[in-house]
Amino acid sequence: MAQDSGTRTLISHAQLRRGRGRVLYWTLLTVVVVGFTLVFIGPLYWMVTGALKSGQEIAQTPPSLFPQDPQPQNYVDAWTNLNLAKLLFNTFYYAVGAVLFQLVLDTAAAYSLSKLRPVFGNAILGLMLATLMIPAMVLIVPQYVTVIDLPILHLNLLDSPFAIWLPLVANAFNIFLLKRFFDSIPEDLMAAALVDGATPLRTLWSIILPMSRPILGVVSIFAVTAVWKDFLWPKLVMPSPETRTVSVGIYAFAGGTPMNVVIAASVIAAIPTVIIFLVFQRNIMSGLTTGSLKG
Amino acid sequence: MAITTAPGATGAPGRPAPPYPSGWRRTSLGRKVRDNLTGHAFLIGAVLCFAVFSWYPMVRGVVMSFQRTRRGQTTWVGWDNYARIVDDPSFWTAWKNTFYFTILALVLGYAVPFLVAILLNEFRHAKGYLRILVYLPVMLPPASALFLFKFYAYDPSEAGLFNATLSALHLPTSEWMQSPGMTMPAMVIASTWMNMGSAVLIYLAALQNIPGELYEAAELDGAGIWRRIVNVTIPQTRLILALLAMLQIVATMQLFIEPLILANGAGTGDSATSVAYLIYQHGFFQNDLNGAAALGVIMLVVLAGFSAGYVRLTAKQD
Amino acid sequence: MSVPQYRKAAALALVAGLGLSLAACSTKGDDPGKDAGGKVTITVDCQPVGSQKELLQNWNDDVAEFQRQNPDIVIKSVSVGEQCNNPPDFTARLAGGTVTDVFYGYMTDLQQVLDSGQAMDITPYANKDTIPTWDSVDPALKEVFTDGGKLYAVPVKNYSMGLVYNKVLFQRAGLDVNNPPKTWPEVRAAAKKIAALGDGIAGYAEYSAGNTGGWHFTSLLYSQGGQVLTPDGKKADFNNAMGRQVLQNLKDMRYGDNSMGSRQLLQWGDLLTNAGAGKVGMFIGAPDTTQAIVSQFQGKFQDWAMGPLPGQDGPAKATLGGGEGYFFKKGLTPEQVKAGLKWIAYQKLTPGKGQFDYVRSKPQNYPVGLPQPLLFANGSAAQKQELDLRKANANVDTANFAAFEANPVPIKGEPRNAQAIYAVLDAAMSGVLTNPNANIDALLKTAEDKVNKLLAAGS
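What counts and what doesn't
- Residues numbered from 1 in each chain as written.
- Chains lettered and ligands numbered in written order.
- Predicted model: local features only at pLDDT ≥ 70, side-chain atom pairs only at ≥ 80, totals over all residues.
- Helix = DSSP H or I, 4+ residues; strand = E, 2+ residues; numbered from the N terminus.
- Contact = placed C-beta atoms within 7 Å.
- Nonpolar A, V, L, I, M, F, W, Y, C, P; charged D, E, K, R; others polar.
- Buried ≥ 20, exposed ≤ 12 C-beta atoms within 10 Å, placed from the backbone.
- Pairing = 2+ DSSP bridges.
- UniProt positions renumbered as here; feature names shortened; annotations may be inferred.
- Axes fitted to C-alpha atoms, helices over the stretch in contact; angles between N-to-C directions.
- Parallel < 35°, antiparallel > 145°, perpendicular 65-115°, else oblique.
- Left-handed = near helix turned anticlockwise from the far one by under 90°.
- pLDDT = per-residue confidence, 0-100.
- Domains from an automatic or database assignment.
- Core = buried A, V, L, I, M, F, W, Y, C linked by C-beta atoms within 7 Å.

## Topic: the overall build of chain B
For step 1, the next point in the chain: Each helix and strand counted, chain B has 15 helices and 2 strands in total.
For step 2, the next point in the chain: For chain B, the share of sequence-separated contacts (at least 6 apart) that also reach a separation of at least 24 residues comes to 62%.

Here's what the structure looks like:
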């Protein structure tokens, strides 16, 4: 990677370039690179090759390092039997929807709380923040019962993407992050816009949002991760095979399938996300760095 | 701490005047809302979502925990559900396991990513590569990552990766998920491996924002590496450390998918049963949603007590 | 200044957006039972999943043929997963009201389905007019799905358990492939010999997770002459000498002889995966587990044979029998119920059609000739017809199942509240299979306490 000599960190740059420091630095770097490769790539190598082994070979002692009789059929089986394309599509669809809903509704709410001073604003914010301490698991049963039969409207949201999107909007952490960021935007800017006759919506659109790109990026990353990582909630509210997410689908599939095929499915499922991460790596990192996450 | 006690955060002192007039006239509530229609309209979407999917379920959960529904008939049963839940021999085991996991996860899953981030931040080479490595497991679907551990790493025979390695090194092997003593540590290892990437990235971001002069000043004062971490790095990342500590604890209290996949549920002799798994077990295996709701309320009370203590603790430090 | 208008517009847009989004959810609601053309539409679940290619093809062919014969009926098939009834998913569907019009369930599910208020009384509709073979269906099976004199489901499969064993491993271990062990001590001796082959092979394998441990405990207990609950169904009845014997047998094999392999905490697919990989000598199961081993777990038919369930010192006192049926969702129109019954009659209860279309299955990778599904009463016309067709088209060596068929063991149904009880009994099974120092008495006592509490709470 590129040498960035700009910022000074825990240990001074110069110290690492001289004598003992230099030796130590390179030794440590080598150890870490080798160690991390083993710890993080090792299992993945095992996964990719393990999925190529036959059932007999997987159960063999000691395990073989290379598949002796590669069975690419396992990957084909995984792709077709599991309908992975559909599962991946579902997951991305839910993730994109979750990002949109959270960006629109949470940003609007945070903007209102930060700049527009609604009635009971602080009380509402307090109530929202109180939910931060309540893990999803505590509410899983009443939330599930609510989604089955929405109060007043009496709609059943099971198998509907809204059962994933709307509860995710109720995310106090995002509102907190966004509001904190908006709070740091000088009021002068707002006042100037007001003098120019801009409406709050216009101010938000043309002044606040362009300044907030990093924090919006952070919120988006969190939204995508939440959908990607969640398991029990989608398992409950997306019961039919057509609407499952990847994680739930693989779990459901694992019950009646040889494990090499399950692992093959896992490998395939991971590929698109790895690509997305590699492509957006720089944006994600810079988003996290500038996204008001400093201590 | 900032998140729960000071909603205003940065804007708290010397609040600037609101750009749109609202409070200075004595008006009715309806008038206030009408005067600031946009402000309230912007708020309404998120508030509705909170109301329907967060605040209302909280109330509903408490109500449900005092009811019982059988064949479509709902009746009030007082504390029956609580009595039944607490009476379940798995109840205490589940709490013990959950706390044990939370503590182990704090030691391993919380400290390790911070140290890794400090280490990675020092390197001037292979930075991007290492960063991607650490983040790779996060990109696996969680079920996949756990199946990987279950099938390959934790296989109790010597066909398993861990046991094969251990026996090649002439070290004692373990039955991992089948040995009650190893169940929790094994789950923490798997959980840390698959989740630490996000924490490392967030710490790295925080570390990059520490002004270099602080380290220089500390070094001039004769502070060694360790003292510099304690006196500069930690105070400078205090807020993010506190935030992640809380998020981590709340997350580990919900331990669910690890026992479900790695231990096929309860594990051996309830050694993997977590409170969250017990909620699931009551609600969806034993067809007892009311009992599950009661257990949820108990969990809520425990966490509320915990967070009250936490807020007092951090408030004192400030 | 147009500010107020702007604000109003923005507010309206937001509210409308939210309202629309909610309204959009409602469009995916129930399909009407009848469409404009006067056709009756019903949804049916448990369509085979994509991995079961031939089964899925058969199902779809059956739907097409049935719709051709009944142009006024439309069948919408829904697949709910590899296992049609995975207890937590099934519970979720019941609680959520997302079961299909005609939905699959185990015989043990009747109470839960009734509790959920989703079941419809089909007594007035189930007769010879809707199901031509109805009078041949074993009355005992109808009884299982009856509560308070009302019928709630149509049985479509029935099985009983025996000892499934791998002939290849038997041969390699020097055991007589045509003479499977008949008592638990004989099973233990055979398991020891098979495990001696090494290579990670388990002589005997057993479940201990995902409710399957409790399910098999029940079967093992029946073989000893025991029962899970007292006859009135109010108390647990396994904490006794017979329950102890069940666990002691397993403990002896697992830790005394080390003949059960090191992988435990198995649930349904785990054991069958190992079996498909040729790592399991014996286990207890129904005849159709061999089908799963072949079609889902890459095993081979000719390797597997089956004997009767062993007993402690002679033939088993009883074996576990269970089965499946289709329930009807509350609120269906009489036309929909009749259409559903007709479909089940066609696909599940007509010799020569649907699941009994042996001519079609013969060339496929699915077994014909298994002593299953035992739907028709002994001596009934349908039974004879089905048996003849089966014999004529058998593609597995029926000799493999001769020992099982020739030594029938009395069949005993599953206890009420079975799935919840099974979850409790899993712990007893995993206890003896993963802990060399397990205290059998304590395990049974704990399980007894839990089951009693569960029963007390349920009433």
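That shown, we press on.
## Regarding the interface of chain C and chain A
For step 1, the next point in the chain: Taken together, the 37 residues of chain C in the interface contact 31 residues of chain A.
For step 2, the next point in the chain: The set of elements that each furnish at least two residues to the side of chain C that touches chain A consists of helix 1 (3-26), helix 3 (87-96) and helix 10 (268-276) of chain C.
For step 3, the next point in the chain: A total of 8 residues in the side of chain C that touches chain A trace back to one element, the largest contributor, which is helix 1 of chain C.
For step 4, the next point in the chain: For the side of chain C that touches chain A, the per-class residue count stands at 13 nonpolar, 18 polar and 6 charged.

## Examining the pairing of strand 3 (residues 102-106) of chain C
Residues and elements named next belong to chain C.
For step 1, the next point in the chain: Of all 5 residues in strand 3, 5 are buried; the element is thus mostly enclosed.
For step 2, the next point in the chain: Direction of pairing for strand 3 relative to strand 11 (residues 319-328): antiparallel, over a ladder of 5 bridges. Paired with Tyr104 across the bridge in strand 11 is Tyr326.

## Looking at the interface of chain A and chain B
For step 1, the next point in the chain: If you look at the interface, chain A gives 101 residues, while chain B gives 107 residues.
For step 2, the next point in the chain: In terms of residue class, the side of chain A that touches chain B is built from 70 nonpolar, 22 polar and 9 charged.

## Remarks on the environment of Pro415 of chain C
Residues and elements named next belong to chain C.
For step 1, the next point in the chain: If you trace the backbone, Pro415 turns up in the loop between strand 12 (411-412) and helix 16 (418-434).
For step 2, the next point in the chain: Along the backbone, Pro415 and Pro231 are 184 residues apart, and their C-alpha atoms lie at a distance of 9.7 Å.
For step 3, the next point in the chain: Leave out the neighbours within four places in its chain, and Pro415 touches Thr218, Val228, Leu229 and Ile421.

## Notes on the UniProt feature "transmembrane region" (unreviewed entry) in chain B
For step 1, the next point in the chain: According to UniProt, the "transmembrane region" (unreviewed entry) feature falls on residues 37-56, 99-120, 132-153, 186-206, 237-257 and 292-313 of chain B.
For step 2, the next point in the chain: In the segment residues 132-153 of chain B, helix accounts for 73% and strand for 0%; the C-alpha atoms at its two ends are 22 Å apart.

## Overview of the packing of helix 10 (residues 212-220) of chain B against helix 11 (residues 225-236) of chain B
Residue and element names in this part refer to chain B.
For step 1, the next point in the chain: It is the contact of helix 10 with helix 11, at a shortest axis distance of 10 Å, that shows an interaxial angle of 160°. Between helix 10 and helix 11, the crossing angle belongs to the class labelled roughly antiparallel. Helix-helix and strand crossings are classified by hand; for helix 10 and helix 11 the assignment is right-handed. In this structure, helix 10 contributes Leu214, Tyr215, Ala218 and Glu219 to the contact, and helix 11 contributes Arg228, Asn231, Val232 and Gln236.
For step 2, the next point in the chain: In terms of residue class, the contact of helix 10 with helix 11 is built from 4 nonpolar, 2 polar and 2 charged.

## Concerning the UniProt feature "domain: ABC transmembrane type-1" (unreviewed entry) in chain B
For step 1, the next point in the chain: UniProt's feature table lists "domain: ABC transmembrane type-1" (unreviewed entry) at residues 95-310 of chain B, given in the numbering used throughout.
For step 2, the next point in the chain: Note that residues 95-310 of chain B is 74% helix and 0% strand, and that its end C-alpha atoms are spaced 19 Å apart.

## Looking at the confidence of the model for chain C
Residues and elements named next belong to chain C.
For step 1, the next point in the chain: For chain C, per-residue confidence averages 86 on the pLDDT scale, and residues scoring 70 or more make up 92% of the total.
For step 2, the next point in the chain: Of the regions scoring below 50 in pLDDT, residues 1-32 engages in 31 contacts with residues more than four places distant in sequence or in other chains.
For step 3, the next point in the chain: Note on the complex model: pTM 0.82, ipTM 0.83.

## Regarding the sheet that holds strand 9 (residues 280-285) of chain C
Residues and elements named next belong to chain C.
For step 1, the next point in the chain: Strand order in the open sheet formed by 4 strands is 8-9-7-10, with mixed pairing between adjacent strands. With partners counted over all chains shown, the strands left at the sheet margins are strand 8 (202-204) and strand 10 (304-308), one partner each. In this sheet, neighbouring strand axes are inclined to one another by 25° on average, regardless of whether the strands run parallel or antiparallel.
For step 2, the next point in the chain: Direction of pairing for strand 7 (residues 162-166) relative to strand 9: antiparallel, over a ladder of 4 bridges. Each residue of the ladder has a partner; that of Gly162, found in strand 9, is Gly285.

## Examining the pairing of strand 1 (residues 67-70) of chain B
On a regular strand, each side chain points to the face opposite its neighbour's, so the side chains alternate between the two faces of the sheet.
Residues and elements named next belong to chain B.
For step 1, the next point in the chain: Here strand 1 pairs with strand 2 (residues 73-76) via 4 bridges, running antiparallel. Each bridged residue has a counterpart across the sheet, and for Thr69 the counterpart in strand 2 is Thr74.
For step 2, the next point in the chain: Counted between consecutive antiparallel strands, the loop separating strand 1 from strand 2 contains 2 residues, among which Arg71 sits at a positive phi close to 45°.

## Overview of the environment of Tyr25 of chain A
Residues and elements named next belong to chain A.
For step 1, the next point in the chain: Within the secondary structure, Tyr25 is located in helix 2 (residues 19-50).
For step 2, the next point in the chain: Looking at Tyr25, the number of C-beta atoms within 10 Å reads 19, which means it is partly exposed.
For step 3, the next point in the chain: The sequence separation of Tyr25 and Gln15 amounts to 10 residues, and the corresponding C-alpha distance is 9.7 Å.

## With respect to unusual backbone geometry
For step 1, the next point in the chain: In this structure, Phe120 of chain A is a non-glycine residue whose phi angle is positive, near 55°.
For step 2, the next point in the chain: The residue Phe120 of chain A is located in the loop between helix 5 (84-116) and helix 6 (121-130) in this model.
For step 3, the next point in the chain: Although it is not a glycine, Asn211 of chain C sits at a positive phi angle of roughly 75°.
For step 4, the next point in the chain: Positionally, Asn211 of chain C belongs in the loop between strand 8 and helix 8 (212-224).
For step 5, the next point in the chain: On the basis of neighbour counts, which here come to 25 C-beta atoms within 10 Å, the residue Asn211 of chain C falls in the buried class.

## What to know about the domain arrangement of chain C
Residue and element names in this part refer to chain C.
For step 1, the next point in the chain: For chain C, the assigned domains read domain 1 (40-160 + 322-398) and domain 2 (162-321 + 405-458).
For step 2, the next point in the chain: Averaged C-alpha coordinates put domain 1 and domain 2 at centres separated by 28 Å.
For step 3, the next point in the chain: In this assembly, 17 residues from domain 1 lie in contact with 20 residues from domain 2.
For step 4, the next point in the chain: Sorting elements by how many residues they give to the side of domain 1 that touches domain 2 places strand 6 (residues 153-160) first, with 3 residues.
For step 5, the next point in the chain: By residue class, the composition of the side of domain 1 that touches domain 2 is 9 nonpolar, 8 polar and no charged.

## Description of the nonpolar core
For step 1, the next point in the chain: In this structure, Ala98, Ala109, Ile263 and Ala265 of chain A together with Leu146 and Ile279 of chain B are the most contacted members of the largest nonpolar core, which totals 310 residues.
For step 2, the next point in the chain: For this core, the element with the most residues is helix 9 (residues 180-207) of chain B, which contributes 17 residues.
For step 3, the next point in the chain: Setting aside chain neighbours within four positions, we find Ile263 of chain A in contact with Met47, Gly50 and Ala51 of chain A together with Phe147, Leu148 and Phe151 of chain B.

## Re the environment of Phe327 of chain C
Residues and elements named next belong to chain C.
For step 1, the next point in the chain: Counting through the fold element by element, Phe327 comes out in strand 11.
For step 2, the next point in the chain: Accessibility expressed as a C-beta count within 10 Å gives 26 for Phe327, which makes it buried.
For step 3, the next point in the chain: Linking Phe327 and Phe66, residues 261 residues apart in sequence, is a C-alpha distance of 20 Å.
For step 4, the next point in the chain: In contact with Phe327, not counting residues within four places along its chain, are Phe103, Gly105, Val113, Ala119, Tyr152 and Ala153.

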